[in-house]
Amino acid sequence: MNTPTFVNAALAALCLTVALSSCSSSSDAVNSADPQPSQSPNVLLIMVDDYRIAMGAMGDDRAITPNLDKLAAEGTLFTRAYANVPVCGASRASMMTSVYPHKDRFIDYLANAEREVPEAMTLGQLFKNSGYYTVSNGKVFHSRKDSDEESWSEPAWEPKAKGPAYFSEDSKNYVKPTKRFGNKGPWYEAAEQPDEVYYDGQVKQKTVSDLTRLAKQDQPFFVAAGFRRPHLPFNAPQKYFDLYKDTDFQPSHLRDKPINAPESLKGSGEIHVYHFKNKPYNSDEFHRLSLLGYYAAVSFIDQQVGDLLATLDELGVRDNTIVVLASDHGFNLGEHNFWGKHNMLNKALQIPLIIDAPNTQSAQKTDALVSLVDIFPTLVELAGLDAPAALEQQLVGKSMAPLLSNPDAEHKAYVYSRFKQGDTLISHDLIYTEYLTESGQKEAMLFNLTLDPEETINVVAEPQYQVDIQRMSAQLAKITKQSQGYLP
């Protein structure tokens, strides 16, 4: 990110920057940029791709996730956490800048924070300027092109093979050419291969190596590790599929769109770039195989996360490391015959979020409404960083740090999400969306998550909700107006 003049000035005034050439000061603190004191906490940020709340700790009894469940037991589990955009690139750009999406910003998977909000400071940039050694491995932003030398102390790293790995001869027989995405194989594969031949196993290896190296330095570290599974295709070593050999994956009983659903509510087309091995799309067999593949990929990631946490323990730095685990958005697994994200339903927006910070209570749960834009200010507070005034104006999120002390505290009345022409507001009970159609007409949908958690009936026209709708519509208008800039 290109740091604007007003941010440079604020950083210089607060002596936060490591070595900004625009700072002209005789202060040794500015020129030498001594690292933070050794007691400053390290940070390990773990991002998982397309991961809905399929976790034992979140009440999913199908999910085999012992390492994630253990992390939840050691920290604070956020049971009502949400993505601000249900698509990879846009969600990550929004999270790493704590800037809301807008009709002209953070729209799709190609969203680029450096291009779309060039004056914004990234999470990595602040920590680097504050004396941290910062590292990015794997899919943190959507692409390494979103990362630059101002955010990371060394070039952002990804495995050379960024696409899905296929190993079996069976899978190689199913390749579907598409104009947009090139040649795609089947939508899932189980292969007798070790973890480390896959993208995510290599991200784990690189991150373990970096943690081992950085734990020996006096300088605190900020390490971000981004895993690609359980994003399509649902590819993982055979041993993770074997974990579910006795699991009876039943297709969703919700095979129709919600009653009174607007035309604007659609499913994702992403899954159709893969081959279905001659299984009829949305057949019961397709549902069962898709669920098996997704959960096997989840368990694969669970093991990679467990290996990272075990490394922190072995290095003796876990007690002084803030661990954050989050997903970029949720995922529909056959509900309403939808597969993927790309819509404003709760399944596509709700995410797992766990924070384990030094000197906080373990085994906590909070039902507070939070979203990904809250991670940036939370880490600023937990790490004790001095944020320049210009940055405080940029951050639209609200620190979740108080919830680590009081999980029952109120955080927000609403969280906000957006995708394409849909703007969504989520309260403790309701999820309300307004769509602007191509013809300029407005469509809306409202679900009562307490009475109808599966979102089966759009109740936007029912009289008892009209006061709620007026209030939520006014709040959406306020947010969309404010999000044209960076003021919260």
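Rules and cut-offs
- Residues numbered from 1 in each chain as written.
- Predicted model: local features only at pLDDT ≥ 70, side-chain atom pairs only at ≥ 80, totals over all residues.
- Heavy atoms only, no water.
- Salt bridge = Lys/Arg side-chain N within 4 Å of Asp/Glu carboxyl O.
- Helix = DSSP H or I, 4+ residues; strand = E, 2+ residues; numbered from the N terminus.
- Buried < 20%, exposed > 50% of the residue type's maximum accessible area, 1.4 Å probe, protein only.
- Phe/Tyr/Trp six-rings, centres within 6.5 Å; stacked < 30°, edge-to-face > 60°.
- Lys NZ or Arg CZ within 6 Å of the ring centre and 35° of its normal.
- pLDDT = per-residue confidence, 0-100.
- Contact = heavy atoms within 4.5 Å.
- Axes fitted to C-alpha atoms, helices over the stretch in contact; angles between N-to-C directions.
- Parallel < 35°, antiparallel > 145°, perpendicular 65-115°, else oblique.
- Nonpolar A, V, L, I, M, F, W, Y, C, P; charged D, E, K, R; others polar.

A. Structural view of the pattern of salt bridges. Evaluation of the coordinates by the stated rule reveals 29 salt bridges. When the shortest N-O distance is used, the salt bridge between Arg-318 and Glu-74 registers 2.6 Å. Here Arg-318 is found in the loop between helix 10 (284-315) and strand 10 (321-327), whereas its partner Glu-74 is found in helix 3 (residues 66-74), with 244 residues between them in sequence. A relative accessible area of 25% places Glu-74 in the partly exposed class. Here the residues in one salt-bridge network are Lys-70, Glu-74, Asp-313, Arg-318 and Asp-356, joined through shared partners.

B. Up close: the packing of aromatic side chains. For the structure on display, the rule yields 22 aromatic pairs. Relative to Tyr-132, the ring of Phe-127 has its centre 4.9 Å away and its plane inclined at 85°; by these criteria the two rings are edge-to-face. Here Phe-127 matches Tyr-132 in class, with each residue buried. When the ring of Phe-127 is compared with that of Phe-222, the centres are 4.8 Å apart and the planes differ by 40°; the resulting orientation is tilted. Within this pair, whereas Phe-127 is found in helix 6 (residues 123-129), its partner Phe-222 is found in strand 8 (residues 221-227), the two being separated by 95 residues in sequence. A residue is classified by how much of its surface remains accessible, and Phe-127, at 0% relative accessible area, is buried. For Phe-222, a relative accessible area of 0% corresponds to the buried category. Through a chain of ring-to-ring contacts, three or more aromatic side chains come together here, namely Trp-187, Tyr-188, Phe-241, Phe-276, Tyr-281, Phe-286 and Trp-339. Cation over ring: Arg-105 sits above Phe-106, and NZ or CZ is 5.9 Å from the ring centre.

C. Representation of the confidence of the model for the protein. Of the residues in the protein, 90% have a pLDDT of 70 or more, and the chain-wide mean is 89. Long-range and interchain partners of residues 1-37, a stretch whose pLDDT sits below 50, account for 67 contacts in this model, where long-range means more than four residues apart.

D. Expanded view of the packing of helix 8 (residues 199-214) against helix 10. The contact between helix 8 and helix 10 brings their axes to 10 Å, and the two run at 10°. Here helix 10 runs roughly parallel to helix 8, going by the angle between their axes. Between helix 8 and helix 10, the contacting residues are Asp-200, Gly-201, Lys-204, Thr-207, Val-208, Leu-211 and Thr-212 on the first element and Phe-300, Ile-301, Gln-304, Asp-307, Leu-308, Thr-311, Leu-312 and Leu-315 on the second. Grouping the amino acids of the contact of helix 8 with helix 10 by side-chain chemistry returns seven nonpolar, five polar and three charged.

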